[in-house]
Amino acid sequence: MDAKARNCLLQHREALEKDIKTSYIMDHMISDGFLTILEEEKVRNEPTQQQRAAMLIKMILKKDNGSYISFYNALLHEGYKDLAALLHDGIPVVSSSSGKDSVSGITSYVRTVLCEGGVPQRPVVFVARKKLVNAIQQKLSKLNGEPGWVTIYGMAGCGKSVLAAEAVRDHSLLKRCFPGGVHWVSVGKQDKSGLLMKLQNLCTRLDQDESFSQRLPLNIEEAKDRLRILLLRKHPSSLLILDDIWDPWVLKAFDNQCQILLTTRDKSVTDSVMGSPLVVSLIGALLRDFPNRWEYYLRQLQNKQFKRIRKSSSYDYEALDEAMSISVEMLREDIKNYYTDLSILPKDVKVPTKVLCILWDMETEEVEDILQEFVNKSLLFCDRNGKSFRYYLHDLQVDFLTEKNCSQLQDLHKKIITQFQRYYQLPSLLPDQEDCMYWYNFLAYHMASAKMHKELCALMFSLDWIKAKTELVGPAHLIHEFVEYRHILDEKDCAVSENFQEFLSLNGHLLGRQPFPNIVQLGLCEPETSEVYQQAKLQAKQEVDNGTLYLEWTNKKTIMNLSRLVVRPHTDAVYHACFSEDGQRIASCGADKTLQVFKAETGEKLLEIKAHEDEVLCCAFSTDDRFIATCSVDKKVKIWNSMTGELVHNYDEHSEQVNCCHFTNSSHHFLLATGSSDCVLKLWDLNQKPCRNTLFGHINSVNHCRFSPDDKLLASCSADGTLKLWDVTSANERKSINVKQFFLNSEDPQEDMEVIVKCCSWSADGARIMVAAKNKIFLFDIHTNDLLGEIHMGHHSTIQYCDFSPQNHLAVVALSQYCVELWNIDSCSKVADCRGHLSWVHGVMFSPDGSSFLTSSDDQTIRLWETKKVCKNSAIMLKQEVDVVFQENEVMVLAVDHIKRLQLINGKTGQIDYLTEAQVSCCCLSPHLQYIAFGDENGAIEILEPVNNRIFQSRIRHKKTVRHIQFTADEKTLISSSDDSAIQVWNWQLEEYDVLQAHQETVKDFRLLKNSRLLSWSFDGTVKVWNIITGKVEKDFVCHQGTVLSCDISHDATKFSSTSADKTAKIWSFDLLSPLHELRGHNGCVRCSAFSVDSTLLATGDDNGEIRIWNVSNGELLHLCAPLSEEGAATHGGWVTDLCFSPDGKMLISAGGYLKWWNVVTGQSLQTFYTNGTNLKKIHVSPDFKTYVTVDNLGILYILQTLE
């Protein structure tokens, strides 16, 4: 050895002896040929780890330069980069011909790349196959940096994985073709949740500095996108190796225009029994210890003296069983039981050393020594990524062990749970712990397998566990476990199981948000009888003592959650969703260009398909559920295998976007109908490529089509205002109904009126057809064309979709106001409202048995509703214009409901007094609750005295709808404004009127000041101060170029603020006509503002969800409160519409898509309350800042109380 190398080794000898683990270092040096088996044994005989390291270094010092280089490379590969760096300067220069590494192509660069990429090491007993390796390398070279696939086929145990790893163990190949590195993923047989875990782990490995995202992807589609970005930006020109692919659908998750090498089984390849490299590897490992026993082992195999293990799996390799049996029998007696313990390892999972340390109650070094014995015998495999060692079994070995030890499995699973409980108290697991992910993913599996039902229920019914697991990996895997172990959980307590599953199902779309929502606050919104609520209440009380803010929804008893399941499978608007014929699956499509298939019961994803090049508008299951049809803006119609996601047919005969598709109802002979904006329908026979028939007759876009129950007729709806019925056999038009004529007013005919017939649906007997157009539903007799019934939905509603129940006379209708309604078609009466979506609802559909129906929306969600539950619902929905008075310990809410009743609600007791019915547009309470005032859509104003039921009517009406109304402090005068530009002052006791007329456009709102003054602001950009006694303008402020959206008055009454659509806010003094400060920085309309109680701070909120806190005295920005969305943009679930400071100025509440509480000092969020709906207009806050009242766009009233 060179003197320089020797001196370097001696210099750092102490550090090396202290840190290195010799067993793995020696494996490398033996593989390189610089250490013998006898030398390895001599090192192993040393009693301590440090002494073993000292002995190894002593041996290396006596060897040549090659041993120094081998030792250096081994340190690099095993993750001792800091120690390798110490030896770097001493590396001797050797010629390529004499360097072992150079000859084999395995340089330190190769070792580092493969180590970082998780590529498995060579087995201790290695079967070389140079010809095959060379063939694979040639194929990889031909990728030439372009996206593509190289596939290695072969039977189980034939060594595909070893070949794949060996192919990339080449310096030249990596430098030339894959400078971005190599990334190995052991896939195996996976379901959706298992694949998601694999993708999450890969994304974590590729983004270790978390520069792209600080959270794991929550579904396969998101993971696929994340992987694509990571491979494109952080790891370009890299190779992704997918080991052991079982199912074609798995590949879709990795189809990211990258370079991929995959291994997979091909059952058409026959098994050469004694030629299986896994068998040879096992026997070779035995021969290593006993080189003279070849004839004995061969005889054992040939005579099959070891009992054949009959397995239930698809593997059937007798030689492997025999080889496994021999290898296990030859283990030392003191470690045989440890190998038996490995029977409980899940397939295709690399288990951290720490898990086995807990299982065996041993130190890491002790465990690794035992496991190395198994690795040396090829009974176990090790993935060494840096200093972290993970162990796994081949699928065949797992099958062998589970069958051989089937009678012990329950006890073995129980053992690992018992040991886990000794080490950990849930939820004390930390994300940075080596074994954390293993326990979160498989703890429930081990408990169920151990039949520890009590412990499993305690785990799954723990809000702490749900919080910890969903925060780490999202809700999908947890929902999967509730379904997987439902039979166990229901035995314990069916109601509690339903509580938790419903909580996860209905909040899954929230639990995927970032930042992660407070799960305790979500739990407090559950019914008080729910176990989820009770656990949340207990935790909240404990945390409140430590200063955490929690809100109790005091009136939630009146709210019934009608959705059974809420899922968010898409990343954009959902245009259509439909049930399979057996009702077990749901297919959906939308603006993100994908087709999604998931379980109707749990929402668990089954398929994700990038279906089209543009938005997918409709999808449909075939009657036998084998196929799904999709149609798109890209003008194409596609047929997919509903189980595998394989494309079966691709039709492109339409010349415009294809709007609808529907299969015939009979499974004897499939026909598919499609309708397009090219004005034609087409019938497709799945047994032939070109379309069977083209149906001409419409003169505008075909929006919808449906086969009759007997498949004899096809109904179509068009933007030309007609419904047409076609004979399916002849493809001739049978009838045409001019729906447009039912909208023409005979007194004022409008022939140019556009009437778009949106959709149609057949009754179960096929005798009637329901048709939707504009704001009306029509029911026609198909034999006579007679109009049997007509339902008018109101002037402000447009019907988006409708569907007939297959079992009764119900119809479900989607309307433009985000709501869905159920109607009795026979009586033309509304049965129920279903509110829950936060945006337009595009589609509705009943299940085949009519017991449930689904709705799909622009808000990216699909909701599943139980028909009976919805029909029984009698919830009252309120308009958002409410008034609230906080008086001592009472909260009184004045509101108008959806059936136009004015009601007074006692927020503490829940008592409701119904006062009157009118076209109420706004209302208010007098300060002492003596009087109630309301304005209507016709401009009229009335005052009601509840005590004696007297009514006072204003003689002077506004010209347009009354928008705002307020009593003066003495309750003698009522101020009102409307959509006209006037403000009316009505002294209703003296019957005196004054009209304040100076604004040029609609008055946005007003506020009462002291000394009979009033502040008003308008769309004309001005703010005016009025004397309501004289009716004169005292001050006129020209504030903004655009609309003044809001004003607030400082509590010392010296200043006011104005905000505008021009993206600015201003602070004004009542004494000056020019602003004190102009506040710039918002990127959206500044919609609201609020002064703190001491008038030193001003908060402003904009349409991007951003809140800014300013210093009033100098206009300086103090804090920016902007919750980040998943895309990194500021959001508040929508516009920030209202703000209010706490009396001490330390806290701020904001309203928008939901409610948020902020720490004014730090600008950090303190709590978020997610309402069922969105678009909150105003938040009413009690003087003590402990009670909050608002109404969402679903008409749900929230009375929230700070938990104490």
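As shown above, the structure is provided for reference.
My aim in this report is to walk through the structure given alongside it, one point at a time. (Residues numbered from 1 in each chain as written. Predicted model: local features only at pLDDT ≥ 70, side-chain atom pairs only at ≥ 80, totals over all residues. Heavy atoms only, no water.)

**So, the overall build of the protein chain**
Move 1: A count of helical and extended segments in the protein chain gives 31 helices and 67 strands.
Move 2: With 1204 residues in all, the protein chain has 59% of them scored as buried.
Move 3: In the protein chain, the share of contacts with a sequence separation of at least 24, taken over all contacts with a separation of at least 6, comes to 53%. (Helix = DSSP H or I, 4+ residues; strand = E, 2+ residues; numbered from the N terminus. Buried < 20%, exposed > 50% of the residue type's maximum accessible area, 1.4 Å probe, protein only. Contact = heavy atoms within 4.5 Å.)

**Comments concerning the packing of helix α20 (residues 353-360) against helix α23 (residues 409-423)**
Move 1: Their axes nearest at 8 Å, the elements α20 and α23 cross at an angle of 95 degrees. Considering the angle they form, α20 stands roughly perpendicular to α23. Contacts between α20 and α23 involve V355, C357, I358, L359 and W360 from the first element and K415, I416, Q419, F420 and Y423 from the second.
Move 2: Tallied by class, the residues present in the contact of α20 with α23 amount to eight nonpolar, one polar and one charged. (Axes fitted to C-alpha atoms, helices over the stretch in contact; angles between N-to-C directions. Parallel < 35°, antiparallel > 145°, perpendicular 65-115°, else oblique. Nonpolar A, V, L, I, M, F, W, Y, C, P; charged D, E, K, R; others polar.)

**Remarks on the sheet that holds strand β3 (residues 239-245)**
Move 1: In spatial order, the strands read β1-β4-β3-β2; together these four strands make up an open sheet with parallel pairing. One side of each edge strand has no neighbouring strand; the edge strands of this open sheet are β1 (148-153) and β2 (182-188). This sheet shows a mean twist of 15 degrees between the axes of neighbouring strands, independent of strand direction.
Move 2: Relative to strand β4 (residues 259-264), β1 is paired through six bridges, and the arrangement is parallel. Residue pairing for β4: V150 is matched across the bridge by L261.
Move 3: Sheet strands touched by helix α13 (residues 192-206): β2 and β3. Its angle to β2, the strand with the most contacts, is close to 165 degrees. (Pairing = 2+ DSSP bridges.)

**Regarding the sheet that holds strand β14 (residues 616-621)**
Move 1: Pairing is antiparallel in the open sheet, where four strands are placed in the order β14-β15-β16-β17. On the outer flanks of this sheet lie β14 and β17 (647-651), each paired with one strand and no other. Taking each pair of neighbouring strands and ignoring which way they run, the sheet shows an average axis angle of 15 degrees.
Move 2: Strand direction decides the pairing type here: strand β16 (residues 637-641) and β17, joined by four bridges, are antiparallel. Each bridged residue has a counterpart across the sheet, and for K638 the counterpart in β17 is N650.

**Some remarks on helix α1 (residues 3-11)**
Spacing of three or four residues puts side chains on the same side of an α-helix, whose turn is 3.6 residues.
Move 1: Buried within α1 we find A5, C8 and L9. Down the axis of α1, the buried set is contained in an arc of 95 degrees. They therefore lie on one face. Away from its buried face, by an angle of more than 90 degrees, α1 presents the exposed residues A3 and Q11.
Move 2: On its buried face, α1 sits against α2 (13-19), α5 (49-61), α6 (65-77) and α7 (81-88). (Arc of directions from axis to C-beta.)

**A closer look at the nonpolar core**
Move 1: Counting 88 residues, the largest nonpolar core has Y339, L342, W360, F374, W439, L456 and M460 as the members making the most contacts within it.
Move 2: For this core, the leading source of residues is helix α24 (residues 436-449), giving nine residues.
Move 3: Discounting residues that sit within four places of it in the chain, L456 has contacts with A444, M447, A448, Y485, I488 and L489.
Move 4: Counting residues in hydrophobic clusters, the runner-up holds 48 residues, among them L199, L202, L607 and L864. (Core = buried A, V, L, I, M, F, W, Y, C linked by side-chain atoms within 4.5 Å.)

**Digging into the packing of aromatic side chains**
Move 1: This model, assessed by the stated rule, comprises 33 aromatic pairs.
Move 2: Taking the centre distance of 5.0 Å and the plane angle of 65 degrees together, the rings of Y339 and F374 count as edge-to-face. Of the two residues, Y339 is situated in helix α19 (residues 333-341) and F374 in helix α21 (residues 364-376); the sequence distance between them amounts to 35 residues. Across the pair, exposure class does not vary: Y339 and F374 are buried alike.
Move 3: Centroid distance Y438 to W439: 5.4 Å. Interplanar angle 85 degrees. Geometry classified as edge-to-face.
Move 4: One aromatic cluster in this structure is built from F420, Y424, Y438, W439, F442 and Y445. (Phe/Tyr/Trp six-rings, centres within 6.5 Å; stacked < 30°, edge-to-face > 60°.)

**Notes on the side chain of K350**
Move 1: If you trace the backbone, K350 turns up in the loop between α19 and β5 (351-352).
Move 2: Here the side chain of K350 touches S186 through a polar contact of 3.4 Å, side chain to side chain.
Move 3: Within polar-contact distance, the side chain of K350 engages the side chain of D383 at 3.0 Å.
Move 4: Those residues in contact with K350, other than ones at most four positions away along the chain, are G118, W184, S186, D383, R390, Y391 and Y392. (Polar contact = N/O pair within 3.5 Å; in protein donor to acceptor, adjacent residues only side chain to side chain.)

**Brief notes about the pairing of strand β33 (residues 829-834)**
Move 1: Bridge count for strand β32 (residues 820-824) against β33 is five bridges, and the pairing is antiparallel. Looking across to β33, one finds that W823 is bridged to K830.
Move 2: The turn linking β32 back onto β33 is made up of four residues, and C828 within it adopts a positive phi angle of 55 degrees.

**Looking at the environment of F696**
Move 1: Within the secondary structure layout, F696 lies in the loop between β21 (693-695) and β22 (702-707).
Move 2: A C-alpha to C-alpha distance of 9.0 Å links F696 and K682, two positions 14 residues apart in sequence.

**A look at the pattern of salt bridges**
Move 1: On inspection of all chains with the given rule, the structure shows 41 salt bridges.
Move 2: Here E608 and K605 are joined by a salt bridge, their closest N and O atoms 3.2 Å apart. There is no split in this pair, since E608 and K605 are both buried.
Move 3: The closest approach of N and O atoms between K776 and E790, which form a salt bridge, is 3.2 Å. One end of the pair, K776, is in strand β28 (residues 776-781); the other, E790, is in strand β29 (residues 787-792), and 14 residues separate them in sequence.
Move 4: For K776, a relative accessible area of 13% corresponds to the buried category.
Move 5: Connected through salt bridges with shared partners, the residues E329, E333 and K336 form a single ionic network. (Salt bridge = Lys/Arg side-chain N within 4 Å of Asp/Glu carboxyl O.)

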